[in-house]
Amino acid sequence: MLVPPFADELYDDESLYSRVMYVIAHEVAHVTAAAAWRAAQMAALLSGYPSSTHVEAVADLTAVNAVMLTGKANRSALCAHVSQLWCAKRPDTGIMSWLIALSPGSHPAPNERGDLMCSFLEKHF
């Protein structure tokens, strides 16, 4: 994991905390998937996410929250770093667009994933 785009010898501390700590915190946050979530609060928190992605969404939001609480990155920097991790070119035309809309997977879509985390950061930090 300690290779680009997550880490590199040229990355500064803010970038390393934002990227590496985000991934570690995201994976640790998966233990909440077995917890009894309060449905109303979770629905409000995850309003931009398809319900099929809620387990990943909780891990994403827990992770960016954890990074913010370290004080090692500010909101805009963390938003940029996680967005770069999830930046992807997707074929959103024709049948692929229809299939993606019809059956969202267990993970938020690339690009949208970063956008949703940035929206969370803007609202809560």
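Structure report, in brief. (Residues numbered from 1 in each chain as written. Predicted model: local features only at pLDDT ≥ 70, side-chain atom pairs only at ≥ 80, totals over all residues. Heavy atoms only, no water.)

A few points about the overall build of the chain
Quick note on the threshold: The helix count covers DSSP runs of H or I at least four residues long, the strand count covers runs of E at least two residues long, and both are numbered beginning at the N terminus. When accessible area is computed with a 1.4 Å probe and restricted to protein chains, residues below 20% of their type maximum are described as buried, those above 50% as exposed, and intermediate ones as partly exposed. Residue contacts are counted whenever heavy atoms from the two residues lie within 4.5 Å of one another.
Counting secondary structure elements, the chain contains six helices and zero strands. Going from N to C terminus, the chain has its helices and strands arranged as α-α-α-α-α-α. Within the span of the chain, comprising 125 residues, buried residues form 31% of the whole. Partitioning the intrachain contacts of the chain with sequence separation of at least 6 by distance along the chain shows that 67% fall at a separation of at least 24.

With respect to the packing of helix α1 (residues 13-29) against helix α3 (residues 54-70)
For the record, the criterion: Axes here refer to lines fitted to C-alpha atoms; in helices the fit is confined to the stretch in contact. Angles between the N-to-C directions go from 0 to 180 degrees. Roughly parallel means an angle under 35 degrees; roughly antiparallel, over 145; roughly perpendicular, 65 to 115; everything else is oblique. Put simply, a crossing is left-handed when the front helix is turned counterclockwise from the back one by less than a right angle, and right-handed when it is turned clockwise.
The N-to-C vectors of α1 and α3 enclose an angle of 135°; their axes lie 8 Å apart at closest approach. The orientation of α1 with respect to α3, classified from their angle, is oblique. The element α1 and its partner α3 pack so that their crossing is right-handed. Residues Tyr-17, Ser-18, Met-21, Tyr-22, Ala-25, His-26 and Ala-29 of α1 form the contact with α3, whose own contacting residues are Glu-56, Ala-59, Asp-60, Thr-62, Ala-63, Val-64, Ala-66, Val-67 and Thr-70.

Here we look at the nonpolar core
Applied cut-off: We define the nonpolar core as a collection of buried residues of types Ala, Val, Leu, Ile, Met, Phe, Trp, Tyr and Cys that are connected through side-chain atoms lying within 4.5 Å of one another.
Counting 20 residues, the largest nonpolar core has Tyr-22, Leu-46, Val-64, Leu-78 and Met-117 as the members making the most contacts within it. If you tally residues by element for this core, the top one is α3, at seven residues. In contact with Met-117, not counting residues within four places along its chain, are Tyr-22, Tyr-49, Asp-60, Leu-61, Val-64, Val-82 and Trp-86.

So, a nonpolar patch on the surface
Stated precisely, the cut-off is as follows: A residue counts toward a patch only above 30% relative accessible area and without a salt bridge, and it is joined to like-charged neighbours within 9 Å or, for Val, Leu, Ile, Met, Phe, Trp and Tyr, to nonpolar neighbours within 5 Å. To measure how exposed things are, a 1.4 Å probe is used in the Shrake-Rupley method; for residues, cover is taken only from the protein chains shown. Here a salt bridge means any side-chain nitrogen of Lys or Arg lying within 4 Å of a carboxyl oxygen belonging to Asp or Glu.
Residues Met-1, Leu-2, Ile-24 and Val-28 make up a contiguous nonpolar surface patch of roughly 420 Å² in combined accessible area. When you line up the elements, Met-1 lands in the segment before α1.

Observations regarding the pattern of salt bridges
A complete count under the given rule lists two salt bridges for this structure. Ionic pairing is found between Arg-113 and Glu-56, a salt bridge with its closest N-O pair at 3.0 Å. Of this pair, Arg-113 sits in helix α6 (residues 112-124) while Glu-56 sits in helix α3; the two residues are 57 residues apart in sequence, bridging distant segments of the chain. A single burial state applies to Arg-113 and to Glu-56, both of which are buried. A salt bridge links Arg-113 to Asp-60; the nearest nitrogen and oxygen atoms lie 2.6 Å apart. Taken together, the residues span a long stretch of sequence, with Arg-113 in helix α6 and Asp-60 in helix α3 at a distance of 53 residues. The structure contains a network of salt bridges with shared partners spanning Glu-56, Asp-60 and Arg-113.

Brief notes about the environment of Ser-52
Position of Ser-52 among the secondary structure elements: in the loop between α2 (39-45) and α3. By relative accessible area, which is 35% here, Ser-52 ends up partly exposed. Each C-alpha atom of the pair Ser-52 and His-107 lies 7.7 Å from the other, and the pair is 55 residues apart in sequence.

Structural notes on the environment of Glu-122
Topologically, Glu-122 is positioned in helix α6. Sequence separation between Glu-122 and Ser-76 is 46 residues; the distance between their C-alpha atoms is 8.5 Å.

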